[in-house]
Amino acid sequence: MNESKIEKTKEDLEADESIVTPGVAQSNASQAKANSAESEAMQQKVEEIMKKVAKVNLLQQLTHNEQKSRKVAKDMDKYKFWKTQPVRRVDETVEENGPIEADKKPEEIRQEPYPIPSNFEWCLVDIEDAAQIKELYELLSLNYVEDDDAMFRFDYSADFLKWALQPPGWKKSWHIGVRVAANKKLVAFISGIPANLRIVDHHQLLVEINFLCVHKKLRSKRLAPVLIKEVTRRVNLEGIFQATYTAGVYLPTPVSTSRYYHRTLSPKKLIETGFSHLGRNMTMARSIRLYRVPETTSTPGLRPMKADDVPAVTELLNKYLQKFTMAPHMTEDEVRHWLLPIKNVIYSYAAEDPETKAITDFVAFYSLPSSVIGHPVHKHINAAYLFYYAPKGLGEDCKRLRTLMNDALVLAKKENFDVFNCLDLMQNSEFLDELKFGRGDGNLHYYLYNYRCQTMKPGDLGLVLL
């Protein structure tokens, strides 16, 4: 995952007819009363020219900033670690999907952990131990993902980490840490969890790799590559040879690249923290009115998901995910784990037909607050992230989808979230504009390890990784 905040887009500027050089508007007002009609016409021409100049300058600056932040592919030889791994090359054209390397025989797999510097040691992080989950929480909170401007940092809670790292089939051996040998301080971590991913029409058992984190003071020790090799080794020992993962940086080679979008729920707080901005000709009062959401939901029968809903939600979700080129296939046990509500972690809602009692719609979002770095008043932004959903009609009725997502905003606001985030994958582009989502300044690249796959558009993805 990657931190992102709302950016002002070129489209915003192009639609803004009030961009003028400072002082022009005031001088126009006084001259209009004193000058002749000819002078007024000349002034209007000057103003139009200045508008265009100001707009061009601003658009050029935005374009420069976007190009500066874009992650550009390098020559494969420049990726010292990744060029040794079974990943798609940056200059490769994929003709046929499939594994890059064949599965290894047990005797071909390294049996001993990879060596690390002598002042460090491998460990397993016991997610069920309160002291160790606290250590992991502290490592991630202080050293994990930040936005490009170092203003916000993900703040994972202990309950969130337990939910994220203990799905059905989880293995303790895949929760890998590195400690300082002398004082046993946890300074690095990486994890894997099992999943079944459908890629076109092929079902692939693999692992989702997440939470790769190295203490800031140890980034020069090149622990990240050895962490990746070690988790790969341990996963291989269990007979699994493929993986999926996401990153905000460009690596060889994304199967798809998605963009973050953000829907403001608490305008004043987001503006004060710098997460979003007060647009030109926009006052705080107008911004609050603009982003106000209804008090009640509109989807008939929408209510919190219950344990009895698991079979129906599993069937509905798997049918909906068939629309997408790459998506998970979930068992009832996985739906029970990932989607039943957990306070301050996962919020899930099912719509029950009042007459037939059938589950017609489903939507879920999870809680992942961000620490606000260095702000004198606000310490956290309470962020909701869209997870999985399935609308009535399996997405054929876009109006129904937009209604369901608007209801998700209503429910998130009732739970005191400040912002509602999502990516432009699945059918999300169908509601982003109408529901007033703002384009974020961060990309998220999706990757497959040891699986060659043709590039996909974000709308082809039905996979949401934490």
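Rules of the game
Residues numbered from 1 in each chain as written. Predicted model: local features only at pLDDT ≥ 70, side-chain atom pairs only at ≥ 80, totals over all residues. Heavy atoms only, no water. Axes fitted to C-alpha atoms, helices over the stretch in contact; angles between N-to-C directions. Helix = DSSP H or I, 4+ residues; strand = E, 2+ residues; numbered from the N terminus. Parallel < 35°, antiparallel > 145°, perpendicular 65-115°, else oblique. Contact = heavy atoms within 4.5 Å. Nonpolar A, V, L, I, M, F, W, Y, C, P; charged D, E, K, R; others polar. Pairing = 2+ DSSP bridges. Right-handed = clockwise from strand over helix to strand, strands pointing away. pLDDT = per-residue confidence, 0-100. Phe/Tyr/Trp six-rings, centres within 6.5 Å; stacked < 30°, edge-to-face > 60°. Buried < 20%, exposed > 50% of the residue type's maximum accessible area, 1.4 Å probe, protein only. Salt bridge = Lys/Arg side-chain N within 4 Å of Asp/Glu carboxyl O.

Let us look at the packing of helix α9 (residues 310-321) against helix α10 (residues 332-339). With their axes 9 Å apart at the nearest point, α9 and α10 run at an angle of 100 degrees to one another. Classed by the angle they form, the pair α9 and α10 counts as roughly perpendicular. Side by side, α9 and α10 meet where Val310, Pro311, Val313, Thr314 and Leu317 of the first sit next to Glu332, Val335, Arg336 and Leu339 of the second. Per-class residue counts for the contact of α9 with α10 are six nonpolar, one polar and two charged.

The next subject is the sheet that holds strand β12 (residues 370-372). What the three strands build is an open sheet, ordered β2-β12-β13; its pairing is antiparallel. Lying at the two open borders of the sheet, with one neighbouring strand each, are β2 (152-154) and β13 (380-381). Direction of pairing for β2 relative to β12: antiparallel, over a ladder of three bridges. From the neighbouring strand, phenylalanine 152 faces β12, where its bridge partner is valine 372.

Another point: the pairing of strand β5 (residues 202-214). Inspection of the sheet shows strand β4 (residues 186-199) paired to β5 by 11 bridges, in the antiparallel sense. Each bridged residue has a counterpart across the sheet, and for isoleucine 193 the counterpart in β5 is glutamate 208. Where β4 hands over to β5, the hairpin turn is made up of two residues, of which valine 200 adopts a positive phi near 60 degrees. Where β5 lies against strand β6 (residues 243-247), two bridges are found, and the strand directions are parallel. Counted as the bridge partner of valine 207 is alanine 243 from β6. On the question of chirality, the crossover connecting β5 to the parallel β6 by way of helix α6 (residues 223-237) is right-handed.

The next thing to look at is the confidence of the model for the protein chain. Looking at the protein chain, the pLDDT average stands at 87 and 83% of residues meet or exceed 70. Across residues 49-70 the pLDDT falls below 50, and counting only partners more than four positions away or on other chains, this stretch makes 24 contacts in the model.

In this structure the tally under the stated criterion is 27 aromatic pairs. On the basis of an interplanar angle of 65 degrees and a centroid distance of 5.8 Å, the ring pair of tryptophan 163 and phenylalanine 387 is categorised as edge-to-face. One end of the pair, tryptophan 163, is in helix α5 (residues 158-165); the other, phenylalanine 387, is in strand β14 (residues 383-390), and 224 residues separate them in sequence. Neither residue differs from the other here; tryptophan 163 and phenylalanine 387 are each classed as buried. Three or more aromatic residues joined by ring pairs make a cluster, and in this case those are Tyr144, Phe154, Tyr156, Phe160, Trp163, Phe211, Trp338, Tyr366, Tyr385, Phe387 and Tyr388.

Another aspect to go through is the pattern of salt bridges. Going through the model one piece at a time under the given rule, you end up with 19 salt bridges. Between arginine 179 and glutamate 135 there is a salt bridge, with its nearest N and O atoms 2.8 Å apart. In this pair, arginine 179 is assigned in strand β3 (residues 175-180) and glutamate 135 in helix α4 (residues 130-143), connecting sequence segments 44 residues apart. What makes glutamate 135 partly exposed here is its relative accessible area of 25%. Residues glutamate 396 and lysine 323 are paired through a salt bridge, measuring 3.2 Å at the closest nitrogen-oxygen approach. Remark: lysine 323 occurs in the loop between α9 and β9 (326-328) and glutamate 396 occurs in the loop between β14 and α11 (398-414); sequence separation between them is 73 residues. A residue is classified by how much of its surface remains accessible, and glutamate 396, at 63% relative accessible area, is exposed. Among the charged side chains, a network of salt bridges with common partners joins Glu230, Arg233 and Arg234.

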